[in-house]
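Structural description and commentary
Given next are the chains, with one letter for each unit.
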Amino acid sequence: MTLVLGIDPGTATTGYGLVRLREDDSLEAVTFGVIQTSPRTPAHQRLLQLYQDLKAILLLHRPQSCAVEKLFFQRNITTAIAVGQARGVILLALAEAGVEVAEYTPNEIKQAVAGYGSARKRQMQDMVRVLLGLPEIPQPDDAADALAVAITHLHTRRFDKKLEKP
């Protein structure tokens, strides 16, 4: 069985979701949630909290691999810089833990989960619920997004392995 950590990066809120690929090829949501930091806390302290909380998740669950959403063009440069800083801290923690890392754009995630690269947020959340057999859409939204990132990685790896076989 394979355990993948999906991450939807942010400084104020970073979503995480652990998804297990079972031997029967079904998917299971192991756990999901968010790492939140206060906007009143200095940036360097927020990044430290993100780093420490992510390290704790990695130590507790020990995923085989991790998938992180790529930063896409943002109109707000301040937000883009903050998300870029959070991604840097996340990638550092993953590298330090020796976890295999993959990165996917929002459109790649939408395509892999909903079958449509321009899927709306509600469509994505409902597909995450269905694919993981959950009774309700995972909350908060950042956690649902992180589960979608993990699902994308599992689907991509499964597809790549099928292509490798003669």
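Before reading further, recall that the structure is shown in the block above.
This report concerns the structure included in the present document. Throughout this description, residue numbers start from 1 for each chain and increase along the sequence as written. Local features in this predicted model are restricted to residues whose pLDDT is 70 or higher, and side-chain atom pairs enter the listing and the counts only when it is 80 or higher, whereas totals over whole chains, interfaces and linings include all residues. Water and hydrogen atoms were dropped before computing side-chain values, which therefore reflect all heavy atoms in the structure.

**A word on the pairing of strand 4 (residues 65-69)**
Heads up, the condition is: Buried, partly exposed and exposed residues are distinguished by accessible area as a fraction of the type maximum, computed with a 1.4 Å probe on protein chains only: under 20%, between the cut-offs, and over 50%, respectively. Secondary structure follows DSSP: runs of H or I at least 4 residues long count as helices, runs of E at least 2 residues long count as strands, and numbering of each begins at the N terminus. Pairing between two strands is assigned when DSSP locates at least 2 bridges connecting them.
Among the five residues that make up strand 4, five are buried, leaving the element largely enclosed by the rest of the structure. Of the two faces of strand 4, the one carrying S65, A67 and E69 and the one carrying C66 and V68 are both buried. In the sheet, strand 1 (residues 2-8) pairs with strand 4 via four bridges, with the strands oriented parallel. The partner of I7 across the bridge, within strand 4, is V68.

**Some remarks on the pattern of salt bridges**
Short version of the rule: Salt bridges are defined as contacts in which a side-chain nitrogen from Lys or Arg sits within 4 Å of a carboxyl oxygen from Asp or Glu.
On inspection of all chains with the given rule, the structure shows six salt bridges. E28 is paired through a salt bridge with R22; the nearest N and O atoms lie 3.6 Å apart. Each of the salt bridges in this network shares a partner with another, and the network as a whole consists of R20, R22 and E28.

**Topic: helix 4 (residues 121-132)**
Note the threshold: Expected span, for any helix, means 1.5 Å times one less than how many residues it has. Taking the helix axis as origin, the arc is that swept by the directions to the C-beta atoms.
In this model helix 4 runs 17 Å from its N-terminal to its C-terminal C-alpha over twelve residues, within 8% of the 16 Å that 1.5 Å per residue would give. Within the sequence span of helix 4, burial applies to M124, Q125, V128 and L132. Seen along its axis, helix 4 keeps its buried residues to an arc of 100°; they face one direction. Just past helix 4, the residue G133 takes up positive phi, approximately 65°.

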